Amino acid sequence: MARQKGHIKYVGTLGEVRHFKIKNNPGYYAGLKGGPTGEQIASDPAFVRTRENMNEFGGSATAGRSFRTSIATLIRNSADSRVTGRITAVMKKINLEDGSEARGQRAILVTAAPQYLDGFEFNKFNSFSGVFNAPYSITPSVDRDESDLSIPVFNPLDNMFIPAGATHFKIINAITVMSDFAYNPVTKAYEPKDPAVNGLTAIADSGYLPVNVPTTALNIVTTIPDSPVITADSSVVNLIAVEFYQEVNGNYYIFAQGNTMKVAKIF
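This section reports on the structure supplied with the text.

Parameters and conventions
- Residues numbered from 1 in each chain as written.
- Predicted model: local features only at pLDDT ≥ 70, side-chain atom pairs only at ≥ 80, totals over all residues.
- Heavy atoms only, no water.
- Helix = DSSP H or I, 4+ residues; strand = E, 2+ residues; numbered from the N terminus.
- Buried < 20%, exposed > 50% of the residue type's maximum accessible area, 1.4 Å probe, protein only.
- Contact = heavy atoms within 4.5 Å.
- Areas by Shrake-Rupley, 256 points an atom, 1.4 Å probe, with all protein chains shown as cover.
- Salt bridge = Lys/Arg side-chain N within 4 Å of Asp/Glu carboxyl O.
- Core = buried A, V, L, I, M, F, W, Y, C linked by side-chain atoms within 4.5 Å.
- Pairing = 2+ DSSP bridges.
- Axes fitted to C-alpha atoms, helices over the stretch in contact; angles between N-to-C directions.
- Lys, Arg positive; Asp, Glu negative; His and termini not counted.

Regarding its fold elements, the protein presents six helices and 15 strands. The proportion of buried residues among the 267 residues of the protein is 40%. By sequence separation, contacts in the protein at least 24 residues apart represent 68% of the contacts at least 6 residues apart. Here the protein has roughly 14000 Å² of accessible surface; of this, 54% comes from carbon and sulfur atoms.

What follows is the structure, given as structure tokens:
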């Protein structure tokens with residue numbers, strides 16, 4: 001692939017060469033136009049592997065979108081701009097682990113391969129451990145509908161990286177149910193195996209805590225309402241996040257940067 005370096009910058013096709021931008025990449029690029037048609041990809045036996053890969057990638061994207069949607073309010077404050085693609089990539093890794101279905105229809109079984117999602121950082125430029133290094137523990141309930149985040153006394157000035165101007169912070173404990181996804185040959189789409197609970201989410205937080213005062217011991221308990229029955233086809237993803245705020249005249253304004261979140265446990 002060629003890359004333009006001159007002062008004239010344009011997109012489009014000239015002769016047999018097309019010129020284009022790639023999102024989040026500097027400069028302009030050029031390549032020969034052409035390639036297989038959509039009809040060829042959809043029906044030609046030579047592209048059977050391509051169709052299989054496309055179908056599974058679409059399923060991975062569907063599972064990733066379901067996960068992101070369930071925690072959209074938290075992602076808005078704590079994720080980097082490429083989190084969508086990174087989550088899809090994780091789902092694709094999980095998809096490749098399935099040995100029970102034929103290629104092109106392999107399931108996305110988080111229950112069977114949770115290690116790929118466990119520890120996921122929503123902002124790869126701002127890791128959770130780089131912002132918050134106080135000890136903590138997470139204890140799920142037997143029914144997996146509740147999580148208790150326990151944090152002993154700590155001093156934010158010693159155990160946190162605090163952005164300039166922040167006066168307060170919150171620690172957030174969130175759980176969301178993620179069903180395994182399987183290909184449905186009738187609808188020709190990937191669907192949750194346990195749709196009744198997929199996406200159920202509960203969020204609790206510490207309230208606003210001053211950055212310059214040692215905390216008391218914290219127990220942040222989050223519970224999914226109505227005691228849902230979470231089957232063996234679903235995982236509960238436990239996230240922990242830190243958000244920073246500036247207090248002005250009794251109002252708290254969240255910082256656009258410095259916040260962080262990760263998958264802390266899957267049960």
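Right, let's talk about the pattern of salt bridges for a bit. Evaluation of the coordinates by the stated rule reveals six salt bridges. Between Glu56 and Lys92 there is a salt bridge; the shortest N-O distance is 3.0 Å. In this pair, Glu56 is assigned in helix H2 (residues 48–70) and Lys92 in helix H4 (residues 83–96), connecting sequence segments 36 residues apart. Comparing Glu56 with Lys92 shows no difference in burial state: the two are buried. For Lys193, the salt bridge identified is with Asp233, shortest N-O distance 3.8 Å. Note that Lys193 is positioned in the loop between strand S9 (189–192) and strand S10 (201–205) and Asp233 in the loop between strand S12 (218–223) and strand S13 (234–248), a separation of 40 residues in sequence. Residue classification places Lys193 among the partly exposed positions, given a relative accessible area of 41%. On the basis of relative accessible area, Asp233 is assigned to the partly exposed category, the value being 29%. Within this structure, Glu56, Lys92 and Arg106 form a network of salt bridges that share partners.

Judged by nonpolar contacts, the single largest core of 28 residues is most densely connected at Phe67, Met91, Leu117, Phe122, Leu239 and Val263. Every element with two or more residues in this core is listed here: H2, helix H3 (72–78), H4, strand S7 (168–179), strand S8 (181–184), S13 and strand S15 (260–266). Counting 21 residues, the second largest nonpolar core, distinct from the first, contains Ile138, Phe154, Phe169 and Ile171.

Right, let's get into the sheet that holds S12. Spatially, the three strands line up as an open sheet ordered S5-S6-S12, and their pairing is antiparallel. For this open sheet the edge positions go to strand S5 (137–140) and S12, each flanked by a neighbour on one side alone. Strand-to-strand twist in this sheet, taken as the mean axis angle between neighbours without regard to direction, amounts to 15 degrees. Sheet topology note: the strand S6 (residues 146–151)/S12 ladder contains six bridges and is antiparallel. Counterpart to Glu146 in the pairing with S12 is Thr223.

Take the side chain of Lys262 next. In this fold, Lys262 is placed in strand S15. No salt bridge is formed by the buried Lys262, whose closest oppositely charged neighbour, Glu121, lies at an N-O distance of 5.3 Å. Lys262 has contacts with Phe120, Glu121, Phe122, Phe128, Tyr136, Asn238, Leu239 and Ile240, leaving out every residue within four places of it along the chain.

What follows covers the pairing of S6. Residues Ser147, Leu149 and Ile151 of S6 are buried on one face, while the alternating residues Glu146, Asp148 and Ser150, pointing to the opposite face, are not. Sheet analysis places S5 next to S6, joined by four bridges and oriented antiparallel. Bridge pairing in S6 places Pro140 opposite Ser147.

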